[in-house]
Amino acid sequence: MMEMEKLVSLCKRRGFLFQSSEIYGGLNGFWDYGPLGVELKRNIKDAWWRDMVTGHDDLSVPAGAPSAYEMTGLDCTIIMHPQVWKCSGHYDLFHDYMVDCRESKRRYRHDQVRGRWVQAKGERIFVATMAEAEQEQEDVQSRALKYFHLRAKDAEQLVWDGPFKTLPQVDDPSRVLGPDAKTLGTLTEPREFNLMFKTYVGALSGEEGAAFLRPETAQGIFVNFKNVLDSSRVRVPFGIAQVGKSFRNEITPRNFTFRSREFEQMEIEFFCHPSSSSDWYRYWRDRRMKWYTDLGLAGDRLRLREHDAEELSHYSTGTADIEYAFPFLPPGEYGELEGIAHRGDFDLRSHMEGKLDEKSRPLQVQLGEDGKPKWKGSGRDLTYRDDITGERYTPHVIEPSAGADRATLAFLCEAYTEDQAPDENGQMQTRVVMKFHPRLAPVKAAVFPLVRKDGMPEIAQEIYRALKPNFPVFYDEKGAVGRRYRRQDEAGTPFCITVDGRTVTDRTVTIRDRDTLEQWRVKVDDCVDEIRRRLV
C-alpha cells in the first residue's frame, strides 16, 4: 500500500495542500488548499452538487427509488441562534472524552490513544502512543526500552503481550505509560469535552452574547424546513442539500486532513413519509455508495458497513457508513467517508417541541427540574400536510452526510500510483502519477510545443486559447517534453497535447493518455471536441 509520507510530500510539492499559517509554525488541525488542491476539492463538490441536485430529474423514478422526488438547496449561516444547538442535542451531548497527562501537560482524545502490553524485568506495563500506524511499534518499543533502561540490542528481553489496543480497553490505568510520559499512571480519568467552538456576537462579551460556530450543516436545513416548503412548493418526498464549512474543536487532530478542526460538509436532509422511510434509507445508502465507485473509489479499500444495534444513535432506526481504508490506518481498519442515517422525526420534533430525551422510549421532550422542557423548542409547526390526501404528519428524515475534505483525501490516496514509464531518453524510470477520474482532475489537459521555435509555440497557444474557455488547461514550454509529461502526471492531468514538427505541415497534434500512455493524432480544430468527449 502507498506510504502516507509520499502523498503528504507530493501534496506540498505540487500544491495540493499546505498546513495553515505554516510560516509561523502552522496551526494544528487546519489546512489550506493550494492551486491544484482547490480545483480538486471544487470538482468534488461540483460533482456532488450536480449529481445530487442540479442534474437530478424530478419527473422520473430513479433506479431503486420508491418514487420520483424533488431536490433543492440551501446555504445557511455558520453562526445560528444558540437555541438551535440546545434543541438539537449538541449543547448537551456533542462531546468526546479526553485525558490529560499530569507529567507532560498534554491532552489526548481518550479513544485515540493506542498501545501494547509489554513485560520485562518482572514488570508488566501498557506503553501508549499517538504515533501514526506505521510507526506505532517502533515508537512503543523505543519508549519501552527507555522505561526499562535497556539498550536497543536488548530488545529481545521485551515480551509483547497481545495486539495494539485503545486506552478504553485498558482496565488498570495505573500501569499505563502515557504517550509523552516517563513514569506510570500520569493520565487522568477521562472527562467530557464539548467540541463546539464558542464565540460572541456583537459588543456583548458575556454569556448573553455567546454563540457557536456550527459543528454541522444539517441543523440549518431543519430550521429552514418550513421556509423551503412554503416558498418553493415542493412536496414530500423531497431533499434539501447544502455544502458548507463546519467546525469541531477536536482534542487531537491527526492523520493529515482526516480529522480537522475546520472542514467542509456535503449534506442532504431527505424528508419522506414515515411508512416509506425504510425504503428511502436503503435507496440513499446504495446510491451514495455508487457515487464513490463511479468516480474511481473501487476495490476492497471501499466498503459499506451497516451499524450494529448498539452503535445506533438514540433516534436512528438505521445507519450505514461508507468507509475507506486510508493508508495511515492500521491494516484491516477503515475510516468513515460518509454516514447515511435514518433519523426518524427526531430533528423536526426537537425544533418544534423542545429537545427530546434520548433515553425515553418512545421519544419524549426532556424535562428540567421544574417539569418544563429543559430546552424550549421554537413552537413553530413543522409538520407537513399532504394537499391530496389531507393527511398531516411529521416527516421522517434520511441524512446522507459526506465530508468534502475526507472525500478529497480519499481520492488523493486512491489516485497516487507509482509505475514504470520511459523517460525522454527511452530509459524506464519510476513514474509518480495521480490517476484521478477525469471529472475530478484539477487540470483537464496540458498543451506543449515540442520546441520553442518553427511556429510551434504559436499553434500551441492557439490550441490553449481554444480549450481554456471550456476546461482548466495548462500551457508549458519549459524543459524537455519528458519532464513536462512527468509534471503533469504528478498533477493528475488526464491528457497532454503536443505540437510537433508534423503539426506545422498538416495541423495535427499528438494527444497522450495519462494512464495508458497511448498516443494518437487529432486535428488542431478537433481538440476541444476530443477532450470534451473523453472527460466522462
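These numbers were taken from a predicted model, which means no experiment stands behind them.

Chemist: For this particular structure, what's the right way to read the pattern of salt bridges?
Modeler: Counted by the stated rule, this structure contains 49 salt bridges. Note that Arg235 and Asp387 form a salt bridge whose closest N and O atoms lie 3.1 Å from each other. Residue Arg235 is located in the loop between α7 (225-232) and β13 (238-247), and its partner Asp387 is located in the loop between β20 (384-385) and β21 (392-393); the two are separated by 152 residues in the primary sequence. In this structure Arg235 comes out as partly exposed when scored by relative accessible area, which is 28%.

Chemist: I'm lost on the sheet that holds strand β5 (residues 107-109) in this one. Help?
Modeler: By way of backbone hydrogen bonds, the strands of a sheet pair with one another, either parallel or antiparallel. Pairing is antiparallel in the open sheet, where three strands are placed in the order β5-β4-β10. Each edge of the open sheet carries a strand with a single partner, namely β5 and β10 (191-194). Across the sheet, the mean angle separating the axes of adjacent strands is 50 degrees when strand polarity is ignored. Bridging between strand β4 (residues 95-100) and β10 involves four bridges; their strand directions are antiparallel. Across the sheet, Met98 pairs through a bridge with Arg191, a residue of β10.

Chemist: Which parts of the structure should I look at to understand the state of the cysteines?
Modeler: Formally, a disulfide is one covalent bond, and it connects the sulfur atom of one cysteine to the sulfur atom of another. Taken as a whole, this structure holds zero disulfides when the rule is applied. Considering cysteine sulfurs only, Cys527 is the nearest to Cys496, which forms no disulfide, with 12 Å between them. Cys496 sits in the buried class, given a relative accessible area of 1%.

Chemist: Just checking my understanding: could you explain the pairing of strand β14 (residues 262-272) for this structure?
Modeler: For a regular strand, side chains alternate in direction, first toward one face of the sheet and then toward the other. When you tally the buried positions in β14, you get 10 out of 11 residues, the bulk of the element. In this structure, β14 lies alongside strand β22 (residues 396-403), joined through six bridges in antiparallel fashion. From the neighbouring strand, Gln265 faces β22, where its bridge partner is Gly403.

Chemist: Could you clarify how one ought to interpret the environment of Arg102 in this entry?
Modeler: Here Arg102 lies in the loop between β4 and β5. In this structure, the C-alpha to C-alpha distance between Arg102 and Arg288, residues 186 residues apart in sequence, is 45 Å. When neighbours within four sequence positions are excluded, Arg102 is seen to be in contact with Gly185, Thr186, Leu187 and Thr188.

The rules behind these values
Residues numbered from 1 in each chain as written. Predicted model: local features only at pLDDT ≥ 70, side-chain atom pairs only at ≥ 80, totals over all residues. Heavy atoms only, no water. Salt bridge = Lys/Arg side-chain N within 4 Å of Asp/Glu carboxyl O. Helix = DSSP H or I, 4+ residues; strand = E, 2+ residues; numbered from the N terminus. Buried < 20%, exposed > 50% of the residue type's maximum accessible area, 1.4 Å probe, protein only. Pairing = 2+ DSSP bridges. Axes fitted to C-alpha atoms, helices over the stretch in contact; angles between N-to-C directions. Disulfide = S-S within 2.5 Å. Contact = heavy atoms within 4.5 Å.

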